[in-house]
Amino acid sequence: MTFLGWHRWIGLFLGLFIAVQGLGGTLLLFRQPLNHLLHPDAYTPAAPALDANVDAVRARGCTITRIDLPDRATDPLFFQLSCSGDPFMATAGGGQVLRLAPLNDWPLEWLFQFHCRLAAGTTGEQAVGWMGVALLALCLTGLWMLLRAARRDGWRGLFCPGWPKASLRRWRDLHRAVGLYLVPVLALLSLTGIGMAWNPTVTAALPVTPRPSPQVAPRPDGALLPLSTFLNRAQGLAPSSIRLPGGHGRVVMVMQGRADSPDYEQFWYNGYDGTLLGTRRAGERAAADRFMDLLYPLHTGSLLGPVGTILILLAGLSLPCFLATGIFLWSRRRGPGTMPMLVSALSRDGTDVLLITLRHRFGLPLPCIGAGDHVDVHLPNGLVRQYSLCGRPGRRLSWQIAVRLSDVSAGGSAWIHTHLKPGAALRLGRPRAHFPLSSGNAPVLLLAGGIGITPLLSMAWCLWDRGRPFTLLVCARDRAARPLAAAIAATPLAPSVRWHDSATDGRIDLAALLTAQAPETHLYTCGPAAFMQAALDAARTSGWSPDRLHWEAFAPATASGPAFTILLNGKAIAVAAGESLLDRLLGEGIALPHSCRRGLCGQCVVTVRSGSVDHRDSILTPEDRAAGRMTACCSRAADAGGELHLSLTP
Ligand code: FES
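Rules used in this analysis
- Residues numbered from 1 in each chain as written.
- Predicted model: local features only at pLDDT ≥ 70, side-chain atom pairs only at ≥ 80, totals over all residues.
- Helix = DSSP H or I, 4+ residues; strand = E, 2+ residues; numbered from the N terminus.
- Rg over C-alpha atoms; globule rule 2.2 N^0.38 Å.
- Buried ≥ 20, exposed ≤ 12 C-beta atoms within 10 Å, placed from the backbone.
- Contact = placed C-beta atoms within 7 Å.
- Pairing = 2+ DSSP bridges.
- Axes fitted to C-alpha atoms, helices over the stretch in contact; angles between N-to-C directions.
- Core = buried A, V, L, I, M, F, W, Y, C linked by C-beta atoms within 7 Å.
- Expected span 1.5 Å × (residues − 1).
- Left-handed = near helix turned anticlockwise from the far one by under 90°.
- Nonpolar A, V, L, I, M, F, W, Y, C, P; charged D, E, K, R; others polar.

**Some thoughts on the overall build of the chain**
Of the regular secondary structure elements, the chain holds 19 helices and 26 strands. Computed over C-alpha atoms, the radius of gyration of the chain comes to 35 Å, more than 25% over the 26 Å expected from 2.2 N^0.38 for 650 residues, which places it beyond the range of a compact globule. Taking the principal axes of the C-alpha coordinates as reference, the chain spans close to 115 × 55 × 45 Å. The proportion of buried residues among the 650 residues of the chain is 35%. Taking as baseline every contact in the chain between residues at least 6 positions apart, the subset at least 24 positions apart corresponds to 65%.

See below:
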């Protein structure tokens, strides 16, 4: 699998985890104000009387593991507890418990616990650590691809993604631009997060000073000192929390300074007599200890003060956009972008056209289709082919495509005609609209050459449903070669369909046909290139305005042609005769998106900065071409030996 493939799959499976961790981490930056907002009843101003509050909490049968001391004298105390073995949170002030609730009742605290893996125990720490490793891999593959893309396309596309419109590339650029900021931040957060989640493993590998872990034996006849005794000793040294390892109170640890400051200090006391059992002071810590102590402030951004908080806040806010664009891009290429389908019916009507009816494999409703839409059909032999959906738009339970056996099949139509059976499984892409029907009520002439009827048939259904006047004229070699004639005859469309058989009716007089149309009629034509060209030329000669002419090439373009040269990022690359530009770029290690390879899907569009192009696709509009866009799979330099200066950004 390619780097991009790994990146996408890891990103997809980590997406939810990243979202929860990112949300939890970002909200944690504002933990207290948000808790004030969410639980105003738990923050009623009340002077925090420590011992009375501890007694009040203990009277509920809870074991205290930690007490966070408030910054403001009137704020309540914040307790972390275990009641009946389950984690609880409590606030207490003025000698009474203001709010005691299981962790699930404090969504923010639940996120905090999840984020910090505390509630999950050793297994959770391991899981969070491994998730961090996967996130780091995701960041590194993303960063590597970003740098490669910047070297290939220039930095401009990364910094100026443009507002996403219909183009997939715009979303990709937006994803990259957000990633450019987010990836280094996420990499730092995952690295520091791994260090904290696997603290014992990391510290075992570093020359850290062993942390004090004093133990005091229980004294059945001895009473524990009130916690305020220990707090009083620490007054003036900015105590931030009191911890009771094991929850029994025989050992009391007082934390001086915030835990996200590298200068914090810890003091352990005997809970019975108040003797000092051990210390961990800032000035006494070895270099390895100071390194480990930096992980937390780096992770929370507090090391850089408000700037760090803002940087992490921005990362948290841009995370949803990053995830959404990543999932959107993934879904457009695979997974939800293709659907498992079953062939529910096949019918031949004596011609070389096979009418295929498809349903969702699990009976689910299919996406809405528009008139003229087409889909990618992913064949089991690895080929991807585009076919127009020729059924009635609005039908959500089945789709229809019609496939003519091509005389020069490259494996698509031949495989379908030979191997496809009712009940066969196929994957289909989402419908794409490259040949849309105009709005309005003007009459429409649908002019099909042979199998070019397929997109026009769905248009005919749409026009019939809307009550808009139309004629569908289908040109065929002879009566026996009329495509889908039997299927059409059984529908209400039949009276609106006219057939022209050149064997009996002679060559069609396009000029007379077009001149006879009502003013304002729109022409939609599809079929062999020469047929469409003749129709369009006749329409132009008859004075039809360009906005009333619509066409879609039926025959796919080929890339054959003489050699030419491209200039890309200052490097000259020769494209050999008969070789496509797309193949040349792929051969150079440039992962240009592509699908149909026949100028039909528009995924391989590049930008031409200078040089003249022989456009062979059926997808780009005159405006696209005027803006310098070309499809790399089939279009080439207009002149033999010509030179095209390219950029890979659209
Ligand atoms: S790959 Fe589909 S247009 Fe080029």
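**Quick notes on the environment of Arg395**
Note that Arg395 resides in the loop between strand S12 (384-388) and strand S13 (399-404). Residue class for Arg395 comes out partly exposed when judged on the 15 C-beta atoms lying within 10 Å of it.

**Digging into the pairing of strand S20 (residues 564-568)**
Taking every second residue as pointing to the same face, the buried face of S20 carries Phe564, Ile566 and Leu568, while none of Thr565 and Leu567 on the other face is buried. Taken together, the five bridges between S20 and strand S21 (residues 571-575) define a ladder with antiparallel strand orientation. Along S21, the bridge assignment pairs Ile566 with Ile573. As judged from the four bridges shared by S20 and strand S26 (residues 643-647), these two strands associate in the parallel manner. Of the residues in S26, the one forming a bridge with Thr565 is Glu643.

**Overview of the sheet that holds strand S10 (residues 353-360)**
Read from one edge of the open sheet, six strands run S12-S11-S14-S9-S10-S13, paired in antiparallel fashion. Only two strands of the sheet have a single neighbouring strand rather than two, namely S12 and S13. Sheet twist, expressed as the mean angle between neighbouring strand axes with direction ignored, is 40 degrees.

**Quick notes on the nonpolar core**
Counting residues in hydrophobic clusters, the biggest one holds 55 residues, and the most contacted among them are Leu446, Ala448, Leu456, Met459 and Ala460. If one sorts the elements of this core by residue count, helix H13 (residues 453-466) sits on top with eight residues.

**Some words on the sheet that holds strand S22 (residues 605-610)**
Sheet architecture is open: five strands sit in the order S21-S20-S26-S22-S24, paired in mixed fashion. Across the chains shown, the open sheet's two edge strands, defined by having one partner strand only, are S21 and strand S24 (629-631). Strand-to-strand twist in this sheet, taken as the mean axis angle between neighbours without regard to direction, amounts to 40 degrees.

**Section: helix H10 (residues 287-300)**
Here H10 spans 21 Å end to end across 14 residues, near enough to the 20 Å set by a 1.5 Å rise per residue. Just beyond H10, the residue with positive phi is Gly301, at close to 85 degrees.

**Some thoughts on unusual backbone geometry**
Unusually for a residue other than glycine, Leu484 sits at a positive phi of about 60 degrees. Residue position: Leu484 is located in the loop between strand S16 (470-476) and helix H14 (485-489).

**Some remarks on the environment of Cys633**
Relative to the elements of secondary structure, Cys633 occurs in the loop between S24 and strand S25 (636-637). Take Cys633: there are 29 C-beta atoms within 10 Å of it, and that puts it in the buried class. The spacing of Cys633 and Trp106 is 527 residues in sequence and 56 Å in space, taken between C-alpha atoms.

**Here's the deal with the packing of helix H3 (residues 50-58) against helix H9 (residues 227-234)**
The interhelical angle for the contact between H3 and H9, taken along N-to-C directions, is 145 degrees, at an axis separation of 8 Å. In the packing of H3 onto H9, the handedness of the crossing is right-handed. Of H9, the residues touching H3 (which contributes Leu50, Asp51 and Val54) are Leu227, Ser228 and Leu231. Of the residues contributing to the contact of H3 with H9, the split by class is four nonpolar, one polar and one charged.

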